[in-house]
Amino acid sequence: MATMLPAEWIKNWEKGGRNEFLQLCRALSEDKSHDSLSFRDIQQALYELSSHVVRGNLKHEHASGVLADIIEFREDMPSILADAFCILDIETSCLEEKTKRDCFTQLVLSCLCKTFSGIQELDGQTTLSCRKYLVSDTVLKERLDPETLESLGLIKQSQQFNQKSVKIKTKLFYKQQKFNLLREENEGYAKLIAELGQDLSGNITSDLILENIKSLIGCFNLDPNRVLDIILEVYECRPEYDDFFVPLIESYMYMCEPQTLCHILGFKFKFYQDPSGETPSSLYRVAAVLLQHNLIDLEDLYVHLLPGDNAIIEEHKREIVEAKQIVRKLTMVVLSSEKTEEKEKEKEKEEEKTEKPPDNQKLGLLEALLKIGDWQHAQSIMDQMPPFYATSHKPIAIALCQLVHVTIEPLYRRVGVPKGAKGSPISPLPNKRAPKQADSFEDLRKEVFNMLCYLGPHLSHDPILFAKVVRLGKAFMKEFQSDGSKQEDKEKMEILFSCVLSITDQVLLPSLSLMDCNACMSEELWGMFKTFPYQYRYRLYGQWKNETYNSHPLLVKVKAQTIDRAKYIMKRLTKENVKPSGRQIGKLSHANPTILFDYILSQIQKYDNLITPVVDSLKYLTSLNYDVLAYCIIEALANPEKERMKHDDTTISSWLQSLASFCGAVFRKYPIELAGLLQYVANQLKAGKSFDLLILKEVVQKMAGIEITEEMTMEQLEAMTGGEQLKAEGGYFGQIRNTKKSSQRLKDALLDHDLALPLCLLMAQQRNGVIFQEGGEKHLKLVGKLYDQCHDTLVQFGGFLASNLSTEDYIKRVPSIDVLCNEFHTPHDAAFFLSRPMYAHQISSKYDELKKAEKGNKQQHKVHKYITACELVMAPVHEAVISLHPPKVWDDISPQFYATFWSLTMYDLAVPHSSYDREVNKLKVQMKAIDDNQEMPPNKKKKEKERCTALQDKLLEEEKKQLEHVQRVLQRLKLEKDNWLLAKSTKNETITKFLQLCIFPRCIFSAIDAVYCAHFVELVHQQKTPNFSTLLCYDRVFSDIIYTVASCTENEASRYGRFLCCMLETVTRWHSDRVIYEKECGNYPGFLTILRATGFDGGNKADQLDYENFRHVVHKWHYKLTKASVHCLETGEYTHIRNILIVLTKILPWYPKVLNLGQALERRVHKICQEEKEKRPDLYALAMGYSGQLKSRKPFMIPENEFHHKDPPARNAVAATVQNGPGGAGMPTSLTINTAKLEESAAEETDKLKEKSQGTVKVINKTVNATPKVTTSNGNSASNSKIIKEKDDKEKSGKEKDKEKKEKIPATTPETKALGKDGKDKPKEERANKDDKPREIKEKTPKSDKEKEKAKKEEKASKEEKSKTIVTTIESKSVAEKEREKEPSREKDVAKDMKSKENTKGGEKIPVAGSLKSPVPRSEASECEREQKRRKVDIHSSPSHSSTVKDNLNELKDSSTKHYINHTTPTLSKSKEREVDKKDLDKSRERSREREKKEEKDRKERKRDHSNSDREVPQDSTKRRKEENGTTGSSKHSKSESPSDSPRSNEKEREKSKSKSSGKEKGDSIKAEKMEKSSSGSKKESRHDKEKEKKEKRDSTGGKEEKKHHKSSDKHR
């Protein structure tokens, strides 16, 4: 830009420059054409002038003078000049040249001074009064910097000036102008409010109103934001006009910024955020509507609301902590009342604090959203908060409930309303944006289920909605369970079903917990629950009990309060206050059953005396609660932390027993579903655990009234063999009445869930599982208990099924016997037990069919039809049973017999007339008592009498029916019996199979089966069944009971005792009276003493056992029982002692009958009492119990000579008959038994006992009559008794000479074979004998003089007669051998087997008596034997289990053959005899040492297996042992049993007895042989003769006699 003021003008300022400048300024001022340009030019001119002054080119006086001249050219000239100064001010202030700044200041001052005419001060402020001025100070103050002004003196301080100017500027520029506020522009706003508040019902639209509002804003200059605020205020007051205001606001918002509305609402909410402020609900509603119409965004509004999300989360956490503290306080033990008071005060303070929570605007908005039905936005807000936090506030919960009400209304009206109920219909929301109402179950999935999930436990606030939801669930389940829908629909329904279960779990059950004692809701819920399978229900209960209560602070508190209340009630519960306590329990259970029952069950497990009052107090529960109780019981049973055994590991824990007892009582009394419990037991059995069978046992006992107890009296047992009515009246301990309904429930549960047969099969299999799987590490006592529990439960459960299932149900479920045994591996006894009712049902139904088909009333016709029915039903069974056993079994017994035995019951065999009479008499007495009772009202009298009469008639009818049935069965058996026992091998084998496969398994199955077995044996005898030896059967049962007893459990021992008791009862009846014996046994094939393999049982009187011999046999059986009992008591083994005491207690009515046997038992039992008092109290109790009963029986015991003829008549007495004497030609020599010898052995053994007990020495008659006696043995062939009576001395001497001849025959005789073995064990025995000698000598009782003289005379006489009679023996020998060869080979094998087993039994090898020796005279033999036995008894005080009657049998058989064989014996010198004796003894000692080790080893092996293994010795060893023992063909039908000690007896004793017996045998056999060769008649010779005779007697009676004889022969030597 060109300079306005040239430099020449400045240089020549005074000359022409000043004028030039003036002219320029005037020209510029006068130019009006370009106003703006001239203004700028003047500005520049003035600026340049001033800048020349600043630079020092021009003096400030000159400049101020010229400025004074031009100031009047323009009005705004001062202002222009001030601008120029302003610019220069800035420039000079930035420069650091002080001269220029000074020049500038002087210029400004000169301009001011030039114009000042005076200065005056007014009000403390300096003012310049100017007549004429260039620039006013005011203008300068505006334009110049405050510091410049200060330097010019225009202001005092620049800082103050600055502050003042800021204030003025703020006042000017930032304070709102009040030109458009209400109070100023009230007319405009009044018109606006009138527009919005007018009646909107006419044709007024929001568009019309909007135009008016715009006009008002324009006309009255109204603030648009304030207008929007007023529209919202009016909308708050007129909420019903949504349709008007929402479009109005929407249209208005087009003129505003989008955020404006949200900000205005935010400012409104902020206004109410004071601690005391309360946001009005109308504001929430407006905000909610605007949100629903998307006019504002939730995220934008949410930030304006208080409290913040963090505060909400903190509050939620605080609530949980407080809830836990409350729980802790409730569970704390309070020691003093002061503490309680303090706690109460604290509680009150806390309540005061939380009384008024601060206003939560988020929840208020949420409530409003729910009320108008904006579910989407409401859900978004709830998602921002902790679960159930929002709905824990009652208004929100109620609002959400209302929304659900509205949504489900149409569907509920269609399917949920119960018949007869009207209900109040709910109108839908006017809001079209609300959730769609549900018309189908599928619609519920879209929104309703979701809403309910957000509601959670707080559905409790609206019980009506709760009921509606449950009813909808019920309706859905009905539809879900009905068939016929398509596959797609089924899939949808499955999804819906899972949703229903989730809702139940998350909403319904927790809500029920928070409801206050609402029984109706509980029942309503059960209506839906009962349609679920129990598996789902129990899963829900489990979640409810273990998970739900931890999910919410409220539920945590409720749980603690429930437990607290439950404790309070349970502490006060007694039998006396059951009703009030029951009501309290009922109230508490409606809402929180899981917690309550869990506590109650824990108390029951600790205190079993609570069971009865608790069961009685549960009568006020709802159906749902009963179901929950069932679940809680199962959960308690399955608790893995609880031990099922007590610490001693021998008994089941008391908590389990208490729970089982409670189960039985509660399931019987109340209608609780059983399926879950039964399935639990089945699952436990599948897993191989049988403890929980206790539960099933209790449930069946209580619900069906079927008791299983071993303590039944014989009267009860007898009643149990009758019909159902008799069982109910007389069979059970507790008369369990009214079981019809409960047993029906149990039956239905079993059938509906197909658990009947599986439970039976599992129990049957588990019996063995208890031993082999469960029992591994458990105590034997516990294993026995578990086995018994399993078995008893099976019997009880099977009995329940048999009596409660209909024929069709039973037959449909139980498979055939071969399937049960072969496919399901059910033990045979259990399989037949399950099948038996089925056979009975089938036979009776078939019989009824046949009766209807042919109407013949004759008894014979009926029987014939019954037998036909039996054949039709049982024929398939006969076929099926063949597969159960190896083919060899059916050689001895027929499948028909086997099936018949297992399919019949006591009901079929006998009618318990006495039981029927007893019960009828009871009823008569009852009726008489009713008549005599004056107090009873007549109506009641009549009813009771009618009841008794009806019962009496029923019993009599039942008795008649059973009688007819039994007669039919007996007729059937009569026809069948000939095909029963085939006996293709031997009768002995037949009995073995019968006992092994039929009697023993069944007699320990149940008490009634034990009685049945005894009756069946008697029945088979009475039917005169071919090939059945009654004697042998009874002998086997009584002879060796040790192993059987030792292998029983406690209950099995009890049943086995019952069986023995019934067998003994029969035997005792026959023993008691000759007439009875002759009538029932005299001419029966079972009492034949000669058993032929031909199968022909001749009725020859000569072959029958006579009465007196039978009495001897019975005595032997009693002795055997004593010996076995004492052995068991001496073992020290828990099971042996317990079981034998149980058996002895059971057989007490019939044993012991003989005084000395009773005394022996009594001593041993007394010893047990002393030994076990401290160690094993249960054994002590048993022993004491038995001891007391035994003492009470003592008066009924009789001496031995009264029990049987102990001392037979003198030798010269005439025998009644001579059967098959020495000259008997027509009789085969196959199996004759010298019973007299057997009797002596038994008699003498009992003598031992007597002597020990009484301490006296009895003189025994030398003359013993050879009365016949039968003994049968455990493993022997059938026994025959042959009576051989010596009429005179001639007969005797003939026999002796025969014997001498026979023994002369060299080593070919069996005797010499026997020597080999005889000599082996002698040294060991002798050593043992040496140890015993001091005691032996003291205890031996010397013979009386009379006895000695008699013996000498008889020996002399016999020797004289020997020399007279010499008969060749070859012929008789050949006859015997031929006869033996006639026996079938099968019988030979069996005999071999049995013989070998007996020889090795008990760990000792005892040589069998030589088979070709003639018997000694009876009198001498018996005398010597008895004396020896008396001496022996002094050493062995009680009968040991070492001698059985088997040996007697064999020896007698042998000896009966020997009667017909004679030998002549040359004489040997006495010295030679002694020499031979000595050599043989030396040899035998050497052999003995070699064999000691081997025998020790054998004994240990046999000790390991002491059950029945001795019956199964292989054939080859049998033969070898036979050869060793010197057995020839004659012994094929004979067998001797060695004295067998139990494997558990004292080792030292065993060795001693072993060495004695074998040593004696060897030494004596040699000596006797040598003596017979001697011809000397001297006294010494006669003594040796006597020894020889004793030895022969010993040989014939077995090992035990040999032991005794050894001592006397030693003495003689």
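Keep in mind it's a predicted model, so treat the numbers as computed, not measured.

Trainee: Explain the packing of aromatic side chains to me, and be specific about the residues and the numbers.
Mentor: Summed over all chains, the structure comprises 49 aromatic pairs. Measuring from centroid to centroid gives 4.8 Å for Tyr1077 and Phe1110, while their planes differ by 25°, and the two rings are stacked. In this pair, Tyr1077 is assigned in helix α53 (residues 1074-1082) and Phe1110 in helix α54 (residues 1107-1130), connecting sequence segments 33 residues apart. Phe1110 gets classed as buried once you look at its relative accessible area, which sits at 0%.

Trainee: Explain unusual backbone geometry residue by residue, including any values.
Mentor: The residue after Leu306, namely Pro307, is reached through a cis peptide bond having omega -5°. Tracing the backbone through its elements, the reader meets Pro307 in the loop between α16 (298-302) and α17 (309-331). At the junction of Tyr1151 and Pro1152, the peptide bond is cis and its omega measures out at 0° in the coordinates. Examined against the element boundaries, Pro1152 turns out to sit in the loop between α55 (1134-1146) and α56 (1155-1175). With a phi close to 50°, Asn221 is a non-glycine residue in the positive phi region. Relative to the helices and strands, Asn221 is located in the loop between α11 (206-219) and α12 (224-237). Unlike most non-glycine residues, Lys1024 shows phi in positive territory, near 55°. If you trace the backbone, Lys1024 turns up in the loop between α49 (1007-1022) and α50 (1030-1039).

Trainee: Just give me the short version of helix α57 (residues 1177-1193), but keep the residues and values in it.
Mentor: An ideal rise of 1.5 Å per residue puts 24 Å on 17 residues; α57 measures up with 24 Å between its terminal C-alpha atoms. As for α57, its buried residues are in contact with α55 and α56.

Trainee: Any details on a negative patch on the surface? Residues and values, ideally.
Mentor: A cluster of acidic residues, Glu479, Glu488, Asp489, Glu491 and Glu494, forms a negative patch on the protein surface. Tallying contributions element by element places helix α24 (residues 487-514) first for the negative patch, with four residues. When you line up the elements, Glu494 lands in helix α24. On the basis of relative accessible area, Glu494 is assigned to the partly exposed category, the value being 46%.

Trainee: Tell me what's going on with the nonpolar core, and back it up with residues and numbers.
Mentor: One finds Leu365, Phe662, Leu759 and Phe1059 to be the most contacted residues of the largest nonpolar core, which totals 318 residues. Setting aside its immediate chain neighbours within four residues, Leu365 contacts Tyr284, Ala287, Ala288, Leu291, Leu298, Leu301, Leu305 and Ile381. Phe21, Cys86, Val139 and Leu140 belong to the second largest nonpolar core, which has 44 residues in total.

Trainee: Quick one: what's the story with the pattern of salt bridges, residue by residue and with numbers?
Mentor: For the coordinates displayed, the defined rule picks out 51 salt bridges. Across the salt bridge formed by Arg18 and Asp69, the nearest N and O atoms sit 2.3 Å from each other. Residue Arg18 is located in helix α2 (residues 13-30), and its partner Asp69 is located in helix α4 (residues 60-70); the two are separated by 51 residues in the primary sequence. Of the residues examined, Arg18 reaches a relative accessible area of 26% and is grouped as partly exposed. Taking the shortest distance from any N to any O, the salt bridge between Arg947 and Glu944 comes out at 3.5 Å. Residue Arg947 and its partner Glu944 are both found in helix α47 (residues 938-976); the two are separated by three residues, about one turn of the helix. Each of Arg226, Asp229, Glu233, Glu236 and Lys268 takes part in one network of salt bridges that share partners.

Trainee: So what's going on with the side chain of Thr260? Which residues, and what values?
Mentor: Here Thr260 lies in helix α14 (residues 258-271). Those residues in contact with Thr260, other than ones at most four positions away along the chain, are Asn225 and Leu228.

Reading the values: the criteria
- Residues numbered from 1 in each chain as written.
- Predicted model: local features only at pLDDT ≥ 70, side-chain atom pairs only at ≥ 80, totals over all residues.
- Heavy atoms only, no water.
- Phe/Tyr/Trp six-rings, centres within 6.5 Å; stacked < 30°, edge-to-face > 60°.
- Helix = DSSP H or I, 4+ residues; strand = E, 2+ residues; numbered from the N terminus.
- Buried < 20%, exposed > 50% of the residue type's maximum accessible area, 1.4 Å probe, protein only.
- Expected span 1.5 Å × (residues − 1).
- Contact = heavy atoms within 4.5 Å.
- Patch = residues over 30% accessible without salt bridge, like charges linked within 9 Å, V, L, I, M, F, W, Y side chains within 5 Å.
- Areas by Shrake-Rupley, 256 points an atom, 1.4 Å probe, with all protein chains shown as cover.
- Salt bridge = Lys/Arg side-chain N within 4 Å of Asp/Glu carboxyl O.
- Lys, Arg positive; Asp, Glu negative; His and termini not counted.
- Charge placed at Lys NZ, Arg CZ, Asp CG, Glu CD.
- Core = buried A, V, L, I, M, F, W, Y, C linked by side-chain atoms within 4.5 Å.

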